[in-house]
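Below, each chain spelled out in residue letters.
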Amino acid sequence: MPRPVVTELRLSAYGGRRSATYRLGPVTLFTGPSGSGKSTVLGAYEALARLGAGDPLAEVFPDPDAHVPESARPDAQGRRGFRIGCTVDGPVGPVRLDLAVQAEPRLRIVGERLTRHGRTLLTTALRDPGRASVQAAWLTAGATPVTRAPLPDDLLGTALLPLRVAGATEGQREVLAAAEQAVVGLRSLFPCAPEPSRMRAPVAPGEGRLLRDCANLAEVLHRTHTACPRRHQRLAAVAGAGCAGPVTGIGVRELPDGTVDALLARGARPATPLGRLGDGELRYLAMALTLLTGPGILAMDRIAEVPDAMQCLTLLADDLDRGLDGRQCSALLGLTAAIAADGHIRLAGSVREGTAAEARRAPGVTVVDLTP
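To start, this report covers the structure provided alongside it. (Residues numbered from 1 in each chain as written. Predicted model: local features only at pLDDT ≥ 70, side-chain atom pairs only at ≥ 80, totals over all residues. Heavy atoms only, no water.)

Regarding unusual backbone geometry
Quick note on the threshold: In this description a helix means any DSSP run of H or I spanning at least four residues, a strand means any run of E spanning at least two, and both kinds are numbered starting from the N terminus.
With an omega of 0 degrees, the peptide bond between glutamate 104 and proline 105 qualifies as cis. As for its position among the elements, proline 105 is in the loop between strand E5 (95–104) and strand E6 (108–116). Located in the positive-phi region is histidine 117, a residue other than glycine, with phi close to 55 degrees. You can see histidine 117 is positioned in the loop between E6 and strand E7 (119–125). Even without glycine at this site, aspartate 319 takes up a positive phi of about 55 degrees.

Shown next, in the form of structure tokens:
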């Protein structure tokens, strides 16, 4: 059974994108000069994922005006906004989700549409600007063809449907299946942005779930060393491709003050603490760890009600190759393609043109050029 995954992003009047559609494969890398919109596209993906997880609109878009094109003029009512959407493929086939967001004069979702095979399953519309709600209608296909009810204008309606639809009719079950597939596909996202300056110091042991900035890398390696030996050994096996000198393993140690540290074992040579590694080596190790682990290791909103075997994690990596040399980029591309081929992990990121040129020759990697 295919796992729910986001296979397409759609942006309209969002940032510098007037009307754009981007297909997403197992490994998709966006490239282009500074200002071409790489971060904009990846940011839209993360925004949809956060809305799918139930985050309020104001938290997802704290500065909504920044996403409206400067050339966009307000309508007669002074309204300006943008549209974002995606397609989530999975067991029930492609499901499209499209949002119309009003940024001015007040941030709100003014329209939402969920469709499957061209059939509208959910639609919302702003009927009364004075109310903090939208009028929603979803398919029932029973004695009453459509169910109508108000929904909040600051939350994703699709994510609320499992709480509102009973599944008593065939139409309701179709709505539930499509909504659940869209939500699972969106929520299965982990933005990874390693910051080497925060990864060097020993850290206190805790849950052992990797943070977005990977500041607790040593803590997570301490956990994988004891609880996930196979993953830890696999990471040690690929560490040598991105770190200088012969690497024979990754060790951990507990310091007298109760903190933990990680070290690179180098055969007969003294082990090297992570704090002494270069920025590129630390970023390489952090990205390799995210590829070799899963939701149980990463600090993300786990979908406990869906078995791991039916989920596909997508890693979001803006500036994937920042600080990496050619050898490290090549090794990371190879590891990413090999891991993605298993079908459990996908990656969407942005890279410089030099890395993109090599990625175009790598099997299973899609490069999207945003050069104007």
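Quick notes on the sheet that holds strand E15 (residues 345–350)
Here is the rule we go by: For two strands to be treated as a pair, DSSP must find at least two bridges joining them. The axes used here are C-alpha line fits, helices contributing only the stretch in contact, and every angle between their N-to-C directions lies in the interval 0 to 180 degrees. The contact criterion used is simple: two residues touch if any of their non-hydrogen atoms lie within 4.5 Å.
If you trace the five strands from one edge of the open sheet to the other, you get E10-E14-E15-E3-E16, paired in parallel fashion. Two strands bound the open sheet, and with one partner strand each, they are strand E10 (189–191) and strand E16 (365–369). Neighbour-to-neighbour, the strand axes of this sheet turn through a mean angle of 15 degrees, independent of strand direction. Here strand E3 (residues 27–31) runs beside E15; their pairing, made up of four bridges, is parallel. When the sheet's bridge partners are listed, threonine 28 is paired in E15 with alanine 348. Helix H7 (residues 279–292) contacts E10, strand E14 (313–317) and E15 of the sheet and is inclined by roughly 150 degrees relative to E15. Packed onto the sheet, helix H8 (residues 326–340) meets E3, E15 and E16 and runs at close to 140 degrees relative to E3.

What about the sheet that holds strand E11 (residues 249–254)?
Taking strand neighbours across the sheet as the criterion, the three strands line up as E11-E12-E13 in an open arrangement whose pairing is antiparallel. Looking along the sheet, the strands with just one partner apiece sit at the ends: E11 and strand E13 (269–273). Direction aside, the axes of adjacent strands within the sheet are offset by 35 degrees on average. With three bridges connecting them, strand E12 (residues 260–266) and E13 associate as antiparallel partners. Looking across to E13, one finds that arginine 266 is bridged to arginine 269.

A look at the environment of alanine 239
Put simply, the test is: Each residue is placed in one exposure class: buried if its accessible area under a 1.4 Å probe, protein chains only, is under 20% of its type's maximum, exposed if it is over 50%, and partly exposed if it falls in between.
Secondary-structure assignment places alanine 239 in helix H6 (residues 229–239). Exposure remark for alanine 239: the relative accessible area of 0% places this residue in the buried category. On a C-alpha basis, the gap between alanine 239 and leucine 285 in space is 6.5 Å, while along the polypeptide they are 46 residues apart. In contact with alanine 239, other than residues within four places in its own chain, are Val247, Ile250, Tyr284 and Leu285.

Details of the side chain of glutamate 112
Let me state the cut-off plainly: A residue counts as positive if it is Lys or Arg and as negative if it is Asp or Glu; His and the chain ends are not included. What counts as a salt bridge is simple: a side-chain nitrogen of Lys or Arg found within 4 Å of a carboxyl oxygen of Asp or Glu. In protein, a polar contact means a hydrogen-donor-capable atom and an acceptor-capable atom, both N or O and within 3.5 Å, with residues adjacent in sequence counting only if both atoms are side-chain atoms; elsewhere, any N or O pair within 3.5 Å suffices.
Here glutamate 112 shows up in strand E6. No salt bridge is formed by the buried glutamate 112, whose closest oppositely charged neighbour, arginine 113, lies at an N-O distance of 10 Å. Side-chain polar atoms of glutamate 112 contact the side chain of threonine 158, separated by 2.6 Å. Beyond its immediate sequence surroundings of up to four residues, glutamate 112 is in contact with Leu97, Asp98, Leu99, Leu122, Thr123, Thr124, Leu156, Gly157 and Thr158.

Side note on the pattern of salt bridges
Applying the stated criterion to the full structure yields 21 salt bridges. In this structure, arginine 360 and aspartate 369 form a salt bridge, with 3.9 Å as the shortest nitrogen-oxygen distance. For arginine 360, a relative accessible area of 40% gives the class partly exposed. Sharing partners across several salt bridges, the network here consists of Glu8, Arg10, Arg23, Arg96 and Asp98.

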